Amino acid sequence: MDIPAANHEQPWGHMGWPAAAPIAGYATAVPNGPPPGLQYPNKGIQNAPPIMGSGHPPGVWPHQKPSWGPPPNHFNGMLCEPNPELSFRSNSQSPQGGSSSQPDSRVLSPSSESRYGLDPQCLPSAVRGMQENREEWEGKVFVSEPGSLLPPLATTGFTVEDRGNASPRFIRCTSYSFPSEGTTAQLSHLPLGAVLTPLARLEKGERPLPVCSGTAEGGLVPGCSGCGAYMCPFMTWQDCGQRFSCPFCGKLTEVPWRCYQPTGGGGPRTDSERRPELCLGSYDVLESDTGQAAGLLLALDVSAPALKSGHLGLICQQLRSFLSLPEGGNQSDLRVGLMTYDSRLHLYDLSPTLSRPHMLIITDTTELELPTWEGLLVPLKDSRYCIDSLLQQIPRLAEGSEDTPCAQDLPVRAALRILEAIGCPGKVLVFQSAPLTEAALKHGSSGIFSSSKPKTLFQPSEPCVSLAEECANQGCSLHLFLFSQPDVGGAWPGHTPYMTGGGVYCYDSLQSEVDREQLSCDLHRCVETETAFKAQLRVFVSKGLSVSGFYGSFIPGPDPAHVLLPWRALVIHHPAPVAKWKSTRHTQMPPHPWTRCPPGASPPSPLCQAALSYTSAWGERRTRVHSLTLPCSRHLLDTFRTCQAQTLLTFYCKKVYCAVLERPLQEVREELQADVTQLLASYRKHCSSTAVSPGQLVLPQFLKALPVYVNSLRKSEVLLPCVRSTVTQRLHLRSQLLCQDVRTTATHFYPLLLPLPMSSEPLSALSAMEAVRCSASSLDPGSLFLAHCSLSLFLWVGQGVPAHVLLQLFNTTCFSLLPSGQLCLPELQNPLSVTVRKLIHSLQSQAPCAVRLQVVKQGDSSEEALQRLLVEDKSPNGGASYADFLYHLHVNSLRLLV
C-alpha cells in the first residue's frame, strides 16, 4: 500500500488487511490514533482518541514518542520500545545529541522530518550494518565449505577460498538455512531463492577456476545420466566407487571404467582431493575448442541528420583512436567488420590483399541477402591501416546521403547474416545518430503509442522478442549507442540489446570533453568485457524442491529451470537472474520428504547446482558448474538468522521489475509492501524469544536494513515516476537494474554518501572512509560530499566550504563562480586534488557503466537530482521517508497479528 509523503487531515478509519490497507494511493488517510495494542506510557487506555489542536502531527501522541535502543542480550532481534523519559531530538539538534543552544550547521530540510515525530537518527542504520560487516570481514578470507558461516555482505571486500561450496560471488541465497518443512517455509513468508552470477570476476588473491577436459581421455567423472546434473562433491558413492547416487534426482549412475577410482572406507574417492569436480564447488569443463573466435561488427549511421549534427565525424575519430592500439594490445587479435547505413546498407570488403576497401551497396533491404561474406570480418592486426583509412573517409563518403530513416533492425539483421555465413558469434555495435521515430521503430516498437494500458509501457513487442531470440541463437550481443535522441514518447529500442546481453548507451552530444571521454570508456568496457555467447543456464535442486521460475533479463527456455541468453561478466556488472525455488508438492506445502528421518536426526541438506554452457570469445565451448549445499533446520528462527537484506533486496527488485510487464504499478507496490509486512509479522509471531509489547519494533538481526532498502525500491522511478521522469528514462533504468548483481543493486538503492577530507592527508583506501546516512540532515554546508550509486556520481559542495579548499580542488576561490553540472575536475598538483580525483576514479571503475561526475552546489536547482539519492528522506516523486515507511510497516504487522 502506498504511503503518501504529504500530510492529510482525513481520519484513519477501521480497515482490514490486506484487502483494505491503512493507506492507499497518493492522497490517502493517515492514522489519527495509536496502532492496535499500543498504549500510552502513563495511561492504561488503548485506542485513546487523538488530542486535537495540540500542535502534533496526525498519528503522534504527545505523551509517547517511540525511540530505538539496544536490544536485550538474550534477544536476537531489534526492539523498539516506547520510552517516555528519553528526550526526543528534532532535526534542529545535533545527531550526536548536542544541546539545542548550540546551532547545528547541517542542512535542514522538510524532507528529512517524520510525519509522526520519529527521530530518523534513531532508526536502524544500513550504513552502520555495512560498516560493522566491513570491520569483521574486510581483507579477510571467507572459507566457503558445507556448514560454513554466513558469508560477508556483497558490499564488503573479502577473499574467498573454495572448499566444496560455490563462492558467494557466484551464488547468493536469500537464506542460508532452509526450513525442513513446507509448512514452516510457508509461515516464514521468506522467498526461497538464489541470485546467480556464474561469470563473476574473481578478486585479487583468489585462485582462478580450474579447467577440466570434457573428453573421456581427460578423466572427467561424468555427471548424472538421469537428470543431467554435473559431478559435484555431494554425490554419494556406492559399491566401492563403481556407481554414485545423484542428490538431485536420486538415480544411480554407473562410472565408466576409464574414470573409476575406489573409495576409501565407504567415503569419498581416493582421488577426490586431486580432482576439482570432486572437491570444489566451482570449476570449468572444456567441451570443445574447435569453434570460431568471436567477431566485432561496427555499424555507423551515415544519414543526413547524422552528418549535419557532426556526430558521424566525431564517432569515426573515437573509433580510430580505439582501434589504433599498439601491436600486441588487447584488441590486436580481434576480427573486425564495418558497415554503414541510411535507407540503404553499405558493406565493406576489408581483405588485406586489396589495395583499398571495396564498398557493396544493398538497396533492397526487405529480403536481406548478402552477395558475399569474404572480407566482411577480418583480423584487426592484418587490416589495421585499411580500417583506419576507411574510418577517415566515411564522413566524406556520406555526403549526399539520403534523409529517409531506415528500419531500426536493418544493421542488426545484416550483422546476423554475416555472423551466420562465417559461423561465429560476435558483438554488434550500432551507432545511431538520426532521431528514432515511430516509423523507424515499426519492427521494434514497444506499443506505447497505440496502447492505453499502463502495464504495456515496459512490454517488448513480439518482433522485438523474436529478433532477440535470433540473436541469442546465433550468439550475437547487441550494443546500441544513441546520440542526441529526443526524449519523447515510447520510441525506445533498448529491449533487444538488453535481452541479448548488450546494452544501450546514451549521449547528449560529443562536443564536450566529458561526453567523448564517456564514449571512449564505454567502448573499452563493451569490447573488453568477457562475454559468454550462445549461453544456456540450467539449475538443479535437490529432491523436495523445484525451480518455479527466474527473474531477470533473459529469454525463457523450454522449462522453468532453463534459460537462454548471451552472458557477460564485468568487474562488477553481471546479468544476475534470480532463481526461485518451491516445494514440488503444491497442496498446502506439506512437510518435505527430508523430515521423515529418525527423531533427533538432522534432515538432509538442500542442494543447488547452476550449470552455464557457453561459447567463449575464442570459440571454446565450456560449461561452468557451481554447486552449493545449505544447512536445513526445523526452527524458523534459524532461517531468519541467516538472511541478508542486500540479497533479499536484489530478489525483490528483479521480482517487481518483472511484474510490471503484466500488472499495474500500484498493485506491484502494494504487493511488495504486503510481502515485507507479512515477513516481519511472521518473525514477530514465531521467532520473538522474549515477551514484547505491541509498541516495540521487532526486526531480525540481519534484516534491520531491509525496510530502508524496500522503501527505496518502492519509490524508485520505475515503480513511482515523478513529474520529470520520461518514459525512456524509466525503460532504460529498469533494464539496467535487471542486469545488476547484489553489490551494485544494494549500492543503487542505498547510495554511498561520503564526506570528503578537507585536509591534504591522503587516504590509504576507499574502505577507510566512513559513509553517512543518505539524508539531507547528513549534509554539512561547510563540507564536501560524494554521493555514489551504481549509475550516477555527484559531488555536493556546501556554501560554507573554505575558499582555500575550493582553490585546491576547483582552482577558484568564489563559490558563486564554481561551475556545476557534468564536468571533469582540473588536474591540480596538490594533495587534496590528487586524493579526491583518485577516490572519484575508484568509484567510477566500480560502476557497471561509465558514470560522469556531476558537481552540485548547495541551493542550486541541480540539487533535485541529488535528492533522489537521499533515500531516507521524502523523495521528489512523492515517496515516503524511511521513518514514515517503517512506522507503517510496524502498524500493519501488528494488524496482521490481531
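Structure's up top.
Attention in this report is confined to the structure presented alongside it. (Residues numbered from 1 in each chain as written. Predicted model: local features only at pLDDT ≥ 70, side-chain atom pairs only at ≥ 80, totals over all residues. Heavy atoms only, no water.)

Digging into the overall build of the protein chain
Consideration 1: The helix and strand tally for the protein chain stands at 20 helices and 35 strands.
Consideration 2: When burial is assessed residue by residue, the protein chain has 57% of its 898 residues classed as buried.
Consideration 3: For the protein chain, contacts bridging at least 24 residues in sequence account for 72% of all contacts bridging at least 6.
Consideration 4: When the accessible surface of the protein chain is totalled, it reaches about 36,100 Å², and 51% of it is carbon and sulfur. (Helix = DSSP H or I, 4+ residues; strand = E, 2+ residues; numbered from the N terminus. Buried < 20%, exposed > 50% of the residue type's maximum accessible area, 1.4 Å probe, protein only. Contact = heavy atoms within 4.5 Å. Areas by Shrake-Rupley, 256 points an atom, 1.4 Å probe, with all protein chains shown as cover.)

Description of the packing of aromatic side chains
Consideration 1: The final tally for this structure, using the stated rule, is 14 aromatic pairs.
Consideration 2: Taking the centre distance of 6.0 Å and the plane angle of 80° together, the rings of Phe550 and Phe554 count as edge-to-face.
Consideration 3: Grouping aromatic residues by their ring pairs yields a cluster made of Phe431, Phe481, Phe483, Tyr505 and Tyr507.
Consideration 4: Across the ring face of Phe158, the terminal group of Arg169 is positioned such that the distance to the ring centre comes to 4.6 Å.
Consideration 5: Sitting over the ring of Phe815, Lys857 keeps its end group 5.1 Å from the ring centre. (Phe/Tyr/Trp six-rings, centres within 6.5 Å; stacked < 30°, edge-to-face > 60°. Lys NZ or Arg CZ within 6 Å of the ring centre and 35° of its normal.)

Focus on a nonpolar patch on the surface
Consideration 1: Together, Met359, Ile361 and Leu397 line one region of the surface with nonpolar side chains, adding up to about 260 Å² of accessible area.
Consideration 2: Within the secondary structure layout, Ile361 lies in strand S17 (residues 358-362). (Patch = residues over 30% accessible without salt bridge, like charges linked within 9 Å, V, L, I, M, F, W, Y side chains within 5 Å. Salt bridge = Lys/Arg side-chain N within 4 Å of Asp/Glu carboxyl O.)

Digging into the pairing of strand S35 (residues 853-857)
Consideration 1: Within S35, 4 of the 5 residues are buried, which leaves the element mostly enclosed by the surrounding structure.
Consideration 2: Pairing of strand S33 (residues 792-797) with S35 involves 5 bridges; the strand directions are parallel. In the sheet register, Phe794 faces S35, and the bridge partner there is Gln854.
Consideration 3: Of the pairings in the sheet, the one linking strand S34 (residues 821-822) to S35 comprises 2 bridges and is antiparallel in character. Looking across to S35, one finds that Gly821 is bridged to Val855. (Pairing = 2+ DSSP bridges.)

Some details on the sheet that holds strand S32 (residues 784-789)
Consideration 1: Read from one edge to the other, the open sheet built from 5 strands follows the order S31-S32-S33-S35-S34, with strand pairing classed as mixed. Edge positions in the sheet fall to strand S31 (752-755) and S34, since each has one partner strand and no second.
Consideration 2: Summarising the sheet, S31 and S32 pair through 4 bridges and their orientation is antiparallel. Looking at the pairing, Leu753 lines up with Ala787 of S32.

As for the pattern of salt bridges
Any two side chains of opposite charge can pair, on the condition that their charged atoms come close.
Consideration 1: For the structure on display, the rule yields 22 salt bridges.
Consideration 2: Notably, a salt bridge pairs Arg243 with Asp239, separated by 1.7 Å at the nearest N-O pair.
Consideration 3: Among the residues examined, Asp239 registers a relative accessible area of 41% and is labelled partly exposed.
Consideration 4: With a closest N to O distance of 3.8 Å, Arg344 and Asp342 form a salt bridge.
Consideration 5: Each member of the salt-bridge network shares a partner with another, and the members are Lys655, Arg663, Glu667, Glu671 and Asp675.

Here we look at the side chain of Arg714
Consideration 1: With respect to the helices and strands, the residue Arg714 is situated in helix H14 (residues 706-714).
Consideration 2: A polar atom in the side chain of Arg714 sits 3.2 Å from the side chain of Asn711. (Polar contact = N/O pair within 3.5 Å; in protein donor to acceptor, adjacent residues only side chain to side chain.)

Observations regarding helix H7 (residues 410-422)
Consideration 1: With 13 residues, H7 extends 19 Å between its outermost C-alpha atoms, agreeing within 8% with the 18 Å of an ideal straight helix rising 1.5 Å per residue.
Consideration 2: Judged by how many residues are buried, H7 sits mostly within the fold: 10 of 13 residues are covered.
Consideration 3: By the burial criterion, the buried members of H7 are Leu410, Pro411, Val412, Arg413, Ala414, Ala415, Leu416, Ile418, Leu419 and Ile422.
Consideration 4: At the C-terminal side of H7, Gly423 shows a positive phi close to 85°. (Expected span 1.5 Å × (residues − 1).)

A word on helix H15 (residues 727-738)
Consideration 1: Between its terminal C-alpha atoms H15 stretches 17 Å, which fits the 16 Å expected from 12 residues at 1.5 Å a residue.
Consideration 2: The buried fraction of H15 amounts to 10 of the 12 residues, a majority that puts the element mostly inside the structure.
Consideration 3: Turning to H15, its buried residues are Thr728, Arg730, Leu731, His732, Leu733, Arg734, Ser735, Gln736, Leu737 and Leu738.
Consideration 4: Check the buried side of H15 and you find it contacts helix H9 (495-499), strand S21 (503-507), helix H12 (645-659), helix H13 (665-686) and helix H16 (742-749).

Here's the deal with the packing of helix H5 (residues 311-323) against helix H10 (residues 513-528)
A packed helix pair is summarised by two numbers, namely the angle formed by the two axes and the spacing between the axes.
Consideration 1: Where H5 meets H10, the axes come as close as 10 Å, and the angle between the chain directions of the two elements is 50°. Here H5 lies oblique to H10, going by the angle between them. The handedness of the crossing between H5 and H10 comes out as right-handed. Between H5 and H10, the residues in contact are Gln318, Leu319 and Phe322 and Arg516, Leu519, Ser520, Leu523, His524 and Val527, respectively.
Consideration 2: Classifying every residue of the contact of H5 with H10 by side-chain character gives 5 nonpolar, 3 polar and 1 charged. (Axes fitted to C-alpha atoms, helices over the stretch in contact; angles between N-to-C directions. Parallel < 35°, antiparallel > 145°, perpendicular 65-115°, else oblique. Left-handed = near helix turned anticlockwise from the far one by under 90°. Nonpolar A, V, L, I, M, F, W, Y, C, P; charged D, E, K, R; others polar.)

Concerning the sheet that holds strand S11 (residues 243-245)
Consideration 1: Pairing is antiparallel in the open sheet, where 3 strands are placed in the order S10-S11-S12. Two strands lie at the open edges of the sheet, namely strand S10 (236-238) and strand S12 (252-254), each paired on one side alone. Neighbour to neighbour, the strand axes of the sheet diverge by 30° on average, direction disregarded.
Consideration 2: In the sheet, S11 pairs with S12 via 3 bridges, with the strands oriented antiparallel. Looking across to S12, one finds that Phe244 is bridged to Thr253.

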